[in-house]
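Structure assessment
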Protein chains: 2
Amino acid sequence: MKNPSHFIKDIIVTPIAITDPPLLNCVGVHAPYALRIILQVETEGGVVGVSEIPGNKETEEAILKIKDSLIGLDVFQPNKILQKVAEKLPKTEDNRGGTPWDQRIVVHIFSAMEVACLDILGKELNCRVADLLGGTMREQIPFAAYLFYKFKGAGGVWGYDLDPQAEGWAAARQAEAISTEGIIAQAEAMCQEFGYKSIKLKGGFFPPDKEVPDTLAIYKAFDGQMPMRYDPNAIWSLETGIKWAKEFKGKLEYLEDPVRGQENMSKLRREVDIPLATNMCTTSFSDLPGSMKVHSEDIILSDHHFWGGLRSTMELYKICKTFGRGFSMHSNSHLGISLAAMAHIGAALPIFDHEFDTHYPWQSEDVIVGGKIKIEEGCVTLPSGPGLGVEIDPDALEKLHQNYLACGLTKRDDEAEMQKLDPNWKVVNTRY
Amino acid sequence: MKNPSHFIKDIIVTPIAITDPPLLNCVGVHAPYALRIILQVETEGGVVGVSEIPGNKETEEAILKIKDSLIGLDVFQPNKILQKVAEKLPKTEDNRGGTPWDQRIVVHIFSAMEVACLDILGKELNCRVADLLGGTMREQIPFAAYLFYKFKGAGGVWGYDLDPQAEGWAAARQAEAISTEGIIAQAEAMCQEFGYKSIKLKGGFFPPDKEVPDTLAIYKAFDGQMPMRYDPNAIWSLETGIKWAKEFKGKLEYLEDPVRGQENMSKLRREVDIPLATNMCTTSFSDLPGSMKVHSEDIILSDHHFWGGLRSTMELYKICKTFGRGFSMHSNSHLGISLAAMAHIGAALPIFDHEFDTHYPWQSEDVIVGGKIKIEEGCVTLPSGPGLGVEIDPDALEKLHQNYLACGLTKRDDEAEMQKLDPNWKVVNTRY
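Residues numbered from 1 in each chain as written. Chains lettered and ligands numbered in written order. Predicted model: local features only at pLDDT ≥ 70, side-chain atom pairs only at ≥ 80, totals over all residues. Heavy atoms only, no water.

1. Topic: the packing of aromatic side chains
A complete count under the given rule lists 29 aromatic pairs over all chains for this structure. Between F285 of chain A and W307 of chain A, the ring centres sit 5.1 Å apart and the planes meet at 90°, which makes this aromatic pair edge-to-face. Highlighted residues: F285 of chain A in the loop between β11 (276-278) and α10 (288-294) and W307 of chain A in helix α11 (residues 304-307), separated in sequence by 22 residues. Since its relative accessible area comes to 3%, W307 of chain A is described here as buried. Ring-pair connections join several aromatic residues into one group, and the members of that group are Y146, F148, W169, F194, Y196 and W362 of chain A. When the ring centre of F285 of chain B is taken as reference, the NZ or CZ atom of K318 of chain A above it lies at 3.9 Å. (Phe/Tyr/Trp six-rings, centres within 6.5 Å; stacked < 30°, edge-to-face > 60°. Helix = DSSP H or I, 4+ residues; strand = E, 2+ residues; numbered from the N terminus. Buried < 20%, exposed > 50% of the residue type's maximum accessible area, 1.4 Å probe, protein only. Lys NZ or Arg CZ within 6 Å of the ring centre and 35° of its normal.)

Set out below in structure tokens:
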């Protein structure tokens, strides 16, 4: 059934930089720009599929290095394309690194190629990507509010260009959120604006004796009616984790990565009566046997950029259901292409467990036609068009590419950004 | 992306009976007819998708009972169709039964509907079912020779109508194979005819002190060059299994289901140095956590009729790869639609581990246009047409349906057939 019009003619790789607010986390603070790579895969038939992955000079160079070997492959044979990617690149599957975000080049490129191919397939077949993942089970895909401690500023350049006219979420987005009142105000503004039905607080920056009471204060501010998640990104020792996790009993939907590694997660899990989630100790298929052996978590937060694409994410979902794990999606700073891809996963899941994470409201820009995708009543409406249902706006892409060239960043480095403010800051695996 | 031409207009359910030779196994002997159910799912657009599942009056009645609730559903949304099937039928997922074949109605109907939908999708999209499973990695799909102890006769009616002119495989197919020489002759004729590159002997009928030496005699007859599998269908006690499995060290590709249940398989596995396979102790997604906990087998033999369809089978494959299990496919007496479906699985697997089982050469009839699919050099060539690549021959289907009406069988019952020859015969879980 080979159809030459489905063969890959060109792959356009565009690194971009998007303005990002000074959000705090266990390794430091977000730089003024977050990096992404936009892929446009064009077939001989002139159909273009798009995808978006975390930006990193090494990832960009790796794609450019193997690009020629992918030209001529059939987008209707995605497994052959992934096989070729794997052949051409050194295997880095297990080199997950210690940061909350991922650094594995092969899975990122798998994801970039697979999502773009699925986008093309959908366009060729006049169906949506969710249909290619087993069918569209729902049109509204729920996401969670994603709170951050943050310095003042909405991103762009250090110095925090502020809009004095801002109100509501626009004001909260640029406001400092360090105090308990500040983070509650952020939660209220975000939920007001987007109608979220659950809340996650990214922690790991401040000591637990501030962050745990803050989390409980947010819980209380919503009268205990809002499912809450809290994520210190594995910065706690096991002792610290056991001590503080107990404070959350009956009050958290889940506690995400309180401690580092499957063994520690498992030990903590046996000590406390609260569901644990992870996007740090179980982040690849090779981590799953260990996870099942020690029961390191109750919920796995997938990320199609980390797990190698949308079909892999659906396979992970099936494994979660088979082994009694809950399933949700993790997020890093991203634009509308990644959000649309996540929405297709959310639409295709036979059972939807937990609202997905998304940084999307923290971003002010996008590369897609029509500007930013709306989040209403906490949900993204699945795009109605074929494939992913989003198209690239070439002017917006060029502008963000120019940002990339101008900003000088080549990888995410929250430690270096934090050191500009505190020269003594150091990333450590276990801070508290 | 709803397209009314993709909505299900009708589902035609045709029970058929195919002549079957008197093959022996742990529960008795194959009846003169094996039962199958052929499904034809027709869309409003006039496209027909086909599938084949094990025959059983209860399964047929269950499909007819829920048929009306499936009319109008979209074949591009297979998960919604399976959800509807599950809603309408009592959950029998865990009711696997003790026989080597399956009896679970829900997974059979899942498989019937899902394969027919994929066939339609392929036809609508002008691609092959393997392409819908991630891509066609190979065109030649290897199968293994499947030897049986058997009485004289090629099937049809009791009395064993024989063709005195038969030669080669046709002669071996109707010959008795009880003696060591008889089973070796069967192996040689089968391998000669179909070019198989590996051999499986179905055992479990005779005591191990006959079957184990016979297996080793076949191994020796092929100069130890042919990968061998032997399957006593869990009829051995653990002690018997440990004793006899040791005889196979270094000589079997794998030993299939020597003992009953995951715990016993795990205990035996720790005692002997030989790969174990199963299609009896790990036969559903709900069995997988136990399998991984006790490591009950090294290779899982899937069966898309048992596991709920082709996409589920690919998910099982991914789980096998994730947890370090080998993967192959189990078989019962079947026709060309099931063989084609298995070939699409074999074509789509990123890594092909072990030649699949098939009873196909034991059958003389088929329902597909063009008659029986060829097996050459041990391989089935993936059909080149869209979807499954096979079409139903209405005359052949009608003839086999008339066989069904005439033969009076309503379910597989090898015990009852055996009792016609030996009134004292009884199915037991552990015979030796």
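2. Brief notes about the environment of D223 of chain B
Residues and elements named next belong to chain B. Mapped onto the secondary structure, D223 falls in the loop between α7 (208-221) and β9 (228-231). For D223, a relative accessible area of 62% translates into the label exposed. Sequence-wise, D223 and P350 are 127 residues apart; in three dimensions their C-alpha atoms are separated by 31 Å.

3. Considerations on the domain arrangement of chain A
Accessible area lost upon the coming together of the parts serves often as the stated size of an interface. All names here are of chain A. According to the domain assignment, chain A consists of domain 1 (4-127 + 394-406) and domain 2 (132-381). Centre-to-centre separation of domain 1 and domain 2, based on C-alpha positions: 23 Å. For the pair domain 1 and domain 2, the two sides together bury roughly 4,000 Å², of which 62% comes from carbon and sulfur. By the criterion of area lost to domain 2, the three top residues of domain 1 are P22, L24 and E52, representing 17% of everything that side buries. At the junction of domain 1 and domain 2, the tally comes to 2 salt bridges. Across the pair E365 and K399 runs a salt bridge, and its minimum N-O distance is 3.9 Å. Inspection of the domain 1/domain 2 interface yields 20 residue pairs in polar contact (both at pLDDT 80 or more). Elements with a contribution of two residues or more to the side of domain 1 that touches domain 2: β1 (8-19), β2 (24-25), β3 (28-29), β4 (33-43), β5 (48-54), α2 (78-88), α3 (105-125) and α14 (394-407). At 10 residues, α3 tops the list of elements feeding residues into the side of domain 1 that touches domain 2. Taken together, the residues that form the side of domain 1 that touches domain 2 break down as 30 nonpolar, 12 polar and 10 charged. (Domains from an automatic or database assignment. Buried area = accessible area lost by both parts, 1.4 Å probe. Salt bridge = Lys/Arg side-chain N within 4 Å of Asp/Glu carboxyl O. Polar contact = N/O pair within 3.5 Å; in protein donor to acceptor, adjacent residues only side chain to side chain. Nonpolar A, V, L, I, M, F, W, Y, C, P; charged D, E, K, R; others polar.)

4. What about the sheet that holds β1 of chain A?
Residues and elements named next belong to chain A. Within the open sheet, the 3 strands sit side by side as β1-β4-β5. Their pairing is antiparallel. Where the open sheet ends on each side, the last strands, each with one partner, are β1 and β5. Across the sheet, the axes of successive neighbouring strands diverge by a mean angle of 20°, strand direction being ignored. The pairing of β4 with β5 spans 7 bridges and is antiparallel. (Pairing = 2+ DSSP bridges. Axes fitted to C-alpha atoms, helices over the stretch in contact; angles between N-to-C directions.)

5. Some details on the nonpolar core
I199, I218 and F356 of chain A together with I199, I218 and F356 of chain B are the most contacted members of the largest nonpolar core, which totals 214 residues. Counting residues in hydrophobic clusters, the runner-up holds 60 residues, among them V13 and L82 of chain A together with I37 and C127 of chain B. (Core = buried A, V, L, I, M, F, W, Y, C linked by side-chain atoms within 4.5 Å.)

6. Concerning the interface of chain A and chain B
Listed as interface residues are 32 residues of chain A and, on the opposing side, 32 residues of chain B. Taking both partners together, chain A and chain B bury about 2,700 Å²; carbon and sulfur atoms supply 64% of that area. Summed over the shared surface of chain A and chain B, the result is 2 salt bridges. For K318 of chain B, the salt bridge identified is with E315 of chain A, shortest N-O distance 3.7 Å. For the pair chain A and chain B, the interface holds 8 residue pairs in polar contact (both at pLDDT 80 or more). Secondary-structure elements contributing two or more residues to the side of chain A that touches chain B are α2, α10 and α12 (310-322) of chain A. In terms of residue count, the dominant contributor to the side of chain A that touches chain B is α12 of chain A (5 residues). (Contact = heavy atoms within 4.5 Å.)

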